[in-house]
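Structural overview
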Amino acid sequence: MEDEKAKKIKELTEKLLGLLLVKGTVGVYEEKESQIFSVQIDSGDSGYLIGYHGETIEALQLILSLMVYKQLGSWQKLVVDVGNYRRQREEQLKKLALNVAQKVKFSREPQPIADLSPRERRTVHLFLSNHPDVYTESEGEGQKRRLMVKPKKNK
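We now turn to the structure provided with this report. (Residues numbered from 1 in each chain as written. Predicted model: local features only at pLDDT ≥ 70, side-chain atom pairs only at ≥ 80, totals over all residues. Heavy atoms only, no water.)

Notes on the sheet that holds strand β1 (residues 25–31)
Here is the rule: A strand pair is defined by DSSP finding two or more bridges across the two strands. Only DSSP runs of H or I reaching four residues or more are called helices, and only runs of E reaching two or more are called strands; each is numbered from the N terminus. The convention used is that axes are lines fitted to C-alpha atoms, helices contributing only their stretch in contact, and that angles between N-to-C directions extend from 0 to 180 degrees.
Pairing is mixed across the open sheet formed by three strands, whose spatial order is β1-β2-β3. Looking along the sheet, the strands with just one partner apiece sit at the ends: β1 and β3 (77–82). With direction set aside, neighbouring strand axes in the sheet form an average angle of 20°. Across six bridges, strand β2 (residues 36–42) lies against β3 in parallel orientation. From the neighbouring strand, isoleucine 36 faces β3, where its bridge partner is lysine 77.

See the structure below:
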């Protein structure tokens, strides 16, 4: 059954790419433990598919999720990645988080990390959640929402 879902997701992804007039290869893999379907797209138009700060890839994921729901009649957890953008961005965010955490640790001053998507804020929150010297909070609303890295109080 899962192989059928993966096959259908691949077909729908290829159809979506065709409607966008984008050539590329599609791989769909199910992560059994988390029951998430990972959709990997490789294309010469990867910049077009990723978009500014990953906005287009987020939109593609939403549209594909809706298409899959319409076809299968149930929601499937999907993560769309184009040319390993998400994996590379996650590594960049972890490095940024560690750098900001070091700065906060030594300066004892809160530091903002602006211009992150909700998914990116969550990644940083989770990554620094067990850090011994800092903690994170999101502040602001809408487009002005930012992540703050703050020093933990000395005990």
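Let's talk about the pairing of β2
In plain terms, the rule: Relative accessibility thresholds used throughout: buried, under 20% of the residue-type maximum; exposed, over 50%; partly exposed, between the two (1.4 Å probe, protein chains only).
Within β2, five of the seven residues are buried, which leaves the element mostly enclosed by the surrounding structure. The hairpin turn running from β1 into β2, its antiparallel successor, is four residues long, and glutamine 35 in that turn takes a positive phi close to 55°.

Here's the deal with the nonpolar core
Generally speaking, soluble globular proteins have nonpolar side chains that are buried together. Heads up, the condition is: In these notes, a set of buried Ala, Val, Leu, Ile, Met, Phe, Trp, Tyr and Cys residues joined through side-chain atoms within 4.5 Å is what counts as a nonpolar core. When checking whether two residues touch, look at their non-hydrogen atoms; a contact exists if any pair is within 4.5 Å.
Ile9, Val28, Val39, Ile41, Leu49, Leu64 and Leu78 are the most contacted members of the largest nonpolar core, which has 22 residues in total. Those residues in contact with valine 28 that sit more than four places away from it in its chain are Ala6, Ile9, Lys10, Phe37, Ser38 and Val39. Formed by twelve residues, the second largest nonpolar core is a distinct cluster that contains Leu93, Ala97, Ile113 and Val134.

Observations concerning the packing of aromatic side chains
Here is the rule we go by: Only rings of Phe, Tyr and Trp enter the pairing, Trp through its six-membered ring, and a pair is recorded when the two centres are within 6.5 Å. The plane angle decides the type: under 30 degrees is stacked, over 60 is edge-to-face, the rest tilted.
Counting across every chain of the model gives one aromatic pair. Ring geometry for tyrosine 69 and tryptophan 75: centres 4.3 Å apart, planes at 15°, overall stacked. Taking the relative accessible area as the measure of exposure, tryptophan 75 reaches 54% and is therefore exposed.

Notes on the packing of helix α4 (residues 85–107) against helix α5 (residues 118–128)
Relative placement of two packed helices is described by the angle separating their axes and the distance separating the axes. Note the following rule: Orientation is classified from the angle alone, with under 35 degrees giving roughly parallel, over 145 giving roughly antiparallel, 65 to 115 giving roughly perpendicular, and any other angle giving oblique. A crossing counts as left-handed when the near helix is turned anticlockwise from the far one by less than a right angle, and as right-handed when that turn is clockwise. As a working rule, the residues Ala, Val, Leu, Ile, Met, Phe, Trp, Tyr, Cys and Pro are called nonpolar, Asp, Glu, Lys and Arg charged, and the rest polar, with Gly in that last group.
At a minimum axis separation of 10 Å, α4 and α5 run at an interaxial angle of 55°. One element, α4, and the other, α5, form an angle in the oblique class. As for how α4 packs across α5, the hand of that crossing is right-handed. Across from Tyr85, Arg86, Arg89, Glu90, Leu93, Lys94, Ala97, Leu98 and Ala101 in α4, the residues of α5 making contact are Arg119, Glu120, Thr123, Val124, Phe127 and Leu128. In terms of residue class, the contact of α4 with α5 is built from eight nonpolar, one polar and six charged.

All quantities given are derived from atomic positions and should not be read as evidence of function.
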